[in-house]
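Structure at a glance
The chain contents come next:
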Amino acid sequence: MRVGIGYDVHQLVEERPLILGGVEIPHYFGLLGHSDADVLTHAVMDAILGALGEGDIGKHFPDTAQKFKDISSLILLEQVNTLMQDKGYKIGNIDCTIVAQKPKLAPFIDQMRIKLSEILGCETQQINIKATTTERLGFEGLEQGISSQAIVLLINK
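Attention in this report is confined to the structure presented alongside it. Just so it is clear, the structure is predicted and the values come from calculations on it, not from any experiment.

**A look at the layout of surface pockets**
- Put simply, the largest pocket is a space of about 200 Å³.
- Lining the largest pocket are 15 residues, and of these His34, Ser35, His42, Phe61 and Asp63 lie nearest its centre.
- When residues of the lining of the largest pocket are traced back to their parent elements, those giving at least two are strand S1 (2–13) and helix H2 (57–60).
- Split into classes, the residues belonging to the lining of the largest pocket amount to seven nonpolar, six polar and two charged.

If you want it as C-alpha cells, here you go:
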C-alpha cells in the first residue's frame with residue numbers, strides 16, 4: 001500500500017470554461033491555466049504521483065510544453081493511470097475536497113466521480129468528493145480562485 005496527497009489551485013477568470021473532475025460547470029468564471037486548469041483532476045494526479053514516488057504533474061506535464069496547451073486533464077489522468085498500473089498498483093480509495101465560494105458544486109459531484117472512476121478503472125464508491133466554501137475568507141472566498149486537495153490510497157494489483 002502507498003499513500004499520496006495532492007493539492008492544486010488556479011485563478012478564476014472570465015472567458016474560460018469551469019471544468020472540475022472533467023465536468024464542465026456553468027459559471028461566469030473559469031480557471032486559468034496551461035491545460036484546462038481542472039484543479040480537482042490535478043490534485044488527484046498529484047496524489048497518485050506522490051504515492052508512486054514519481055514527483056508531480058509539473059514534472060510529467062510541464063506548462064512549457066506546447067503539446068499540453070488547453071489539453072483535457074482527463075487525458076493526462078489516463079497517462080498517470082497507465083504509470084500507476086505499470087508500477088503494479090490500483091486505486092484503493094480517493095478522498096477529495098474542492099474549495100470554492102461559487103458555484104454550488106453538489107449537483108455535479110456524482111458526474112465527477114463517474115468520470116474519474118471510469119478513467120482510473122475503479123468503482124465510483126472508491127472516490128469521494130466534497131465541496132466547501134471558506135465563508136468568504138481568502139482567495140477562494142473572494143472568488144479569485146478555486147483549490148482542491150486529494151488523498152489517495154494505492155494498493156497492489
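**Things to note about the sheet that holds strand S5 (residues 89–99)**
- Strand order in the open sheet made by the five strands is S4-S1-S7-S5-S6, with mixed pairing throughout. Of all strands in the sheet, those bounded by a partner on one side alone are strand S4 (30–31) and strand S6 (127–132).
- In this sheet, S6 lies alongside S5 in parallel orientation, the contact comprising six bridges. Within S6, the position partnered with cysteine 96 by the bridge is isoleucine 129.

**Some points on the pairing of S1**
- Pairing geometry for S1 and strand S7 (residues 145–156), over 10 bridges, is antiparallel. Paired with tyrosine 7 across the two strands is glutamine 149, which belongs to S7.
- Across two bridges, the pairing between S1 and S4 is antiparallel. Bridge pairing links valine 13 to glycine 30 in S4.

**So, the nonpolar core**
- Ranked by size, the top nonpolar core spans 48 residues in total, and within it Val44 and Ile48 carry the most contacts.
- Among the secondary structure elements, those contributing two or more residues to this core are strand S2 (18–20), strand S3 (23–25), helix H1 (39–52), helix H3 (73–86), S5, helix H4 (109–120), S6 and S7.
- Broken down by element, this core gets its largest block of residues, 10 residues, from H1.
- The contact partners of valine 44, leaving out residues within four places of it in the chain, are Leu77, Ile94, Cys96, Leu116, Leu120 and Ala150.

Rules of the game
- Residues numbered from 1 in each chain as written.
- Predicted model: local features only at pLDDT ≥ 70, side-chain atom pairs only at ≥ 80, totals over all residues.
- Heavy atoms only, no water.
- 1 Å grid on protein atoms, 1.4 Å probe; cavity = no way out; pocket = protein on both sides within 12 Å on 5 of 7 lines; lining within 4 Å.
- Points joined across faces, edges and corners; volume = space filled by probe spheres on them.
- Helix = DSSP H or I, 4+ residues; strand = E, 2+ residues; numbered from the N terminus.
- Nonpolar A, V, L, I, M, F, W, Y, C, P; charged D, E, K, R; others polar.
- Pairing = 2+ DSSP bridges.
- Core = buried A, V, L, I, M, F, W, Y, C linked by side-chain atoms within 4.5 Å.
- Buried < 20%, exposed > 50% of the residue type's maximum accessible area, 1.4 Å probe, protein only.
- Contact = heavy atoms within 4.5 Å.

In short, geometric facts, not functional conclusions.
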